Every structure is written in C-alpha cells, then in structure tokens.
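Structural features, examined
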Amino acid sequence: MSQQLIQSVNKQVANWTVLYVKLHNYHWYIKGRHFFTLHEKFEELYNEANIHIDELAERILSLGGSPVATMKDCLELASVSEASGSEKEEEMVRTICNDFEAMEKELQEAIELAEEANDEGTGDMLLSVKQSLKKHIWMFKAFLG
C-alpha cells in the first residue's frame, strides 16, 4: 500500500475535520439577508463533512494507516484554514467555495495515486467526494453570481 496515498487521504480527513468546525461556526454566526438559506446549507454541509471524515478515516485504517485524529494535527495537515470568526455571509460562501476548489484539486491527485496503487475502492470513494464538491462549487458560484 502506498504511504503517499494514505497521507493524501489523511489530508482529506484533516480538511474535512477543519471544515466541520468551520461550517458549525458559519452555521451559528450567519447573519444577513440569506440567513435562512445559508443556516440550513451550512448544517447540510457539516453533516456531509461528518460522513466523509468517518468513511475516509475508516478507509485509512483498513489500509493499515493511522487517520489524523486531533484538532492540532488536523490544523497542521489541512490545506484549509479554520474560520476567523469575523466573516460576513458572502465571505463565508466565498471561503467555503475556495476551500472546496482546493480540495477538489487535492482529491484528483489522490485519485491518481489510488490508480497507481491499483486501489479501486479508495479511488471510487475519493471520486464520489470529488463529484459532491464539484456540485457544491457550482451552486456556491451561482449563489455568488
């Protein structure tokens, strides 16, 4: 099994863990004209993040790796950053959209590593996450105009 692939999947666990907390922050602190829409959307996304965290971490364990499991380690490994706590509604959406775009690129790299390792199960799982991100990115860009 490729250590590089395990590390790449672990980065996604870290990203989704940081996003899980960030999305809760946005869910709780959203204010403005789009409160009802975004309050609900951020909840939907942190519930999705929770599923991804668990599935990706369990995949790492099944491959003999150790998933990242502390906030300190997640913040060090993740390419996304936590919420500043001062974002306004449009900035929240733009930040999540940018995070998702960065993660989509990283997921493609991880998919390629899975293909090199002949690991269809991990590749399929990563592709599913990537497709979900692509849809969210499209929707957030439409929201932002």
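Turning to a negative patch on the surface, a few remarks are in order. Taken together, the side chains of Glu109, Glu112, Glu115 and Glu116 make up a negatively charged region of the molecular surface. The topology assignment puts Glu115 in helix H4 (residues 89-116). Look at Glu115 and you get exposed, because its relative accessible area is 55%.

Viewed as axis vectors pointing N to C, H4 and helix H5 (residues 120-144) meet at an angle of 155°, and their least axial separation amounts to 9 Å. One element, H4, and the other, H5, form an angle in the roughly antiparallel class. With respect to the hand of their crossing, H4 and H5 are arranged in left-handed fashion. A breakdown of the residues in the contact of H4 with H5 according to their chemical character gives 17 nonpolar, four polar and seven charged.

Let us now look at the nonpolar core. Ranked by size, the top nonpolar core spans 41 residues in total, and within it Trp16, Leu19, Phe42, Ile96, Phe100 and Leu126 carry the most contacts. Counting residues per element, the ones that place at least two in this core are helix H1 (3-29), helix H2 (35-62), H4 and H5. For this core, the element with the highest residue contribution is H4, accounting for eleven residues. Setting aside its immediate chain neighbours within four residues, Leu126 contacts Leu5, Val9, Leu56, Leu107, Ala110 and Ile111.

One can find Lys130 in helix H5. Buried charged residue Lys130 carries no salt bridge. Nearest counter-charge: Glu104, at 4.8 Å. For Lys130, the contacting residues outside a window of four places in its chain are Glu104, Leu107, Gln108 and Ile111.

As a further point, take H2. An ideal rise of 1.5 Å per residue puts 40 Å on 28 residues; H2 measures up with 40 Å between its terminal C-alpha atoms. Buried residues of H2: Leu38, Lys41, Phe42, Leu45, Tyr46, Glu48, Ala49, His52, Ile53, Leu56, Ala57 and Ile60, and no others. The secondary structure elements touched by the buried residues of H2 are H1, H4 and H5. Of the residues flanking the end of H2, it is Gly64, one or two places downstream, whose phi is positive at about 90°.

The rules behind these values
Residues numbered from 1 in each chain as written. Predicted model: local features only at pLDDT ≥ 70, side-chain atom pairs only at ≥ 80, totals over all residues. Heavy atoms only, no water. Patch = residues over 30% accessible without salt bridge, like charges linked within 9 Å, V, L, I, M, F, W, Y side chains within 5 Å. Areas by Shrake-Rupley, 256 points an atom, 1.4 Å probe, with all protein chains shown as cover. Salt bridge = Lys/Arg side-chain N within 4 Å of Asp/Glu carboxyl O. Lys, Arg positive; Asp, Glu negative; His and termini not counted. Charge placed at Lys NZ, Arg CZ, Asp CG, Glu CD. Helix = DSSP H or I, 4+ residues; strand = E, 2+ residues; numbered from the N terminus. Buried < 20%, exposed > 50% of the residue type's maximum accessible area, 1.4 Å probe, protein only. Axes fitted to C-alpha atoms, helices over the stretch in contact; angles between N-to-C directions. Parallel < 35°, antiparallel > 145°, perpendicular 65-115°, else oblique. Left-handed = near helix turned anticlockwise from the far one by under 90°. Nonpolar A, V, L, I, M, F, W, Y, C, P; charged D, E, K, R; others polar. Core = buried A, V, L, I, M, F, W, Y, C linked by side-chain atoms within 4.5 Å. Contact = heavy atoms within 4.5 Å. Expected span 1.5 Å × (residues − 1).

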